[in-house]
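Below, each chain spelled out in residue letters.
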Amino acid sequence: MIYNKPAIIVHTCDKEPYIGIWDKFISAFECTFPLELDWPIYFVNEEVDYNWGYAKQIKTGKGEWSDRLKIALNQIPEEHILYLQEDFLLLNVNKSLLEQAYEIHYREN
């Protein structure tokens, strides 16, 4: 399988209750997502410093959700995006199925 790696965006805001679940989301993500895929991860929030060793942080500043997403997307060089929000917890990710789904997406554009 030959393709460019997609980027993973974790898009959030700096308000409660969202900021209060960042650690839980990341813990669940690291336990269930196949990190060996080595897909670039971007943690996108407004202004709060947050250090997640697997991710590059992008601060978008305050503003509307869609405006902040556009700011982040303009800073990400990857062509394809897997978009996530922090207000759910991953419980199981099937690596093979995820790779197959992305391969179909990439092939079919």
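Along each chain, residue indices are assigned from 1 in the same order as the chain's sequence is written. Where totals are concerned, whole chains, interfaces and linings use all residues; where local detail is concerned, this predicted model gives features only for residues with pLDDT of at least 70, and gives and counts side-chain atom pairs only at 80 or more. Each side-chain value is derived from all of the structure's non-hydrogen atoms; neither hydrogens nor water enter the calculation.

(A) Region of interest: the overall build of the protein. Scanning the protein from terminus to terminus reveals 3 helices and 4 strands. A run of H or I in DSSP becomes a helix once it reaches four residues, and a run of E becomes a strand once it reaches two; helices and strands are each numbered from the N terminus. Seen in sequence order, the protein has helices and strands lined up from the N terminus as β-α-β-β-α-β-α. Here the protein has a C-alpha radius of gyration of 14 Å; the compact-globule value for 109 residues is 13 Å, and the two agree. Projecting the C-alpha coordinates of the protein onto the three principal axes gives extents of approximately 40 × 30 × 20 Å. Only C-alpha atoms enter the radius of gyration, while the globule expectation follows 2.2 Å times N to the 0.38, with N the number of residues.

(B) Quick peek at helix α1 (residues 22-32). Summary of the burial criterion: residues with accessible area below 20% of their type's maximum are buried, those above 50% are exposed, and those between are partly exposed, where the area comes from a 1.4 Å probe applied to protein chains only. Inspection of α1 places Trp 22, Phe 25, Ile 26, Ala 28, Phe 29 and Thr 32 among the buried residues, and these make up the whole buried set. The buried side chains of α1 occupy one side of the element, clustering within an arc of 165 degrees when seen end-on. Turned more than 90 degrees from where α1 packs its buried face, Asp 23, Lys 24 and Cys 31 sit exposed. A contact between two residues is defined here by any heavy atoms of the two lying within 4.5 Å. Among the structural elements, β1 (7-11), β2 (41-45) and β4 (81-85) are those in contact with the buried residues of α1. In this context, the arc is that of the directions from the helix axis out to the C-beta atoms.

(C) Spatial organisation of the packing of aromatic side chains. Each Phe, Tyr or Trp ring (for Trp, its six-membered ring) is paired with any other whose centre lies within 6.5 Å, and the angle between the two planes then decides the class: stacked below 30 degrees, edge-to-face above 60, tilted in between. The tally for this structure, following the rule as stated, stands at 12 aromatic pairs. Pairing Trp 22 with Tyr 50 gives two aromatic rings, centres 5.0 Å apart and planes at 75 degrees, and the pair type is edge-to-face. With Trp 22 in helix α1 and Tyr 50 in the loop between β2 and β3 (55-59), this residue pair connects regions lying 28 residues apart in the sequence. Clustering of aromatic rings is evident, with ring pairs tying together Trp 22, Phe 25, Phe 29, Phe 33, Trp 39, Phe 43, Tyr 50, Trp 52, Phe 88, Tyr 102 and Tyr 106.

(D) Expanded view of a nonpolar patch on the surface. Each patch is built from residues lacking any salt bridge and having more than 30% relative accessible area; the joining distance is 9 Å for like charges and 5 Å for nonpolar side chains (Val, Leu, Ile, Met, Phe, Trp, Tyr). Note on areas: Shrake-Rupley, 1.4 Å probe, and residue coverage restricted to the protein chains presented here. Salt bridge, as applied in this entry: a Lys or Arg side-chain nitrogen positioned within 4 Å of an Asp or Glu carboxyl oxygen. Together, Trp 65, Leu 73, Ile 81 and Tyr 83 make up an exposed nonpolar region whose accessible area comes to about 350 Å². For the nonpolar patch, the secondary structure elements donating two or more residues are α2 (65-73) and β4. Here Tyr 83 lies in strand β4.

(E) Broad picture of the layout of surface pockets. Grid points spaced at 1 Å over the protein atoms alone were grouped into cavities, where a 1.4 Å probe fits but cannot get out, and pockets, open sets with protein on both sides within 12 Å along at least five of seven lines, with lining residues defined by an atom within 4 Å of a point. Grid points are joined across faces, edges and corners, and a volume is the space filled by probe spheres set on the points. The calculated volume of the largest pocket comes to roughly 160 Å³. Around the largest pocket, the lining comprises 13 residues; the ones closest to its centre are Thr 12, Cys 13, Tyr 18, Trp 65 and Arg 68. Each residue receives one of three labels: charged for Asp, Glu, Lys and Arg, nonpolar for Ala, Val, Leu, Ile, Met, Phe, Trp, Tyr, Cys and Pro, and polar for the others, Gly being one of them. Looking at side-chain class alone, the lining of the largest pocket contains 3 nonpolar, 4 polar and 6 charged residues.

(F) Representation of the pattern of salt bridges. Following the criterion strictly, the structure yields 6 salt bridges and no others. The shortest N-O distance in the salt bridge between Lys 62 and Glu 46 comes to 3.7 Å. Linking Lys 62 in the loop between β3 and α2 with Glu 46 in the loop between β2 and β3, this pair joins segments that are 16 residues apart in sequence. Looking at Lys 62, the relative accessible area reads 52%, which means it is exposed. A salt bridge links Glu 46 to Arg 68; its shortest N-O distance comes to 3.7 Å. Taken together, the residues span a long stretch of sequence, with Glu 46 in the loop between β2 and β3 and Arg 68 in helix α2 at a distance of 22 residues. Three or more residues are tied together by salt bridges with common partners; here these are Glu 46, Lys 62 and Arg 68.

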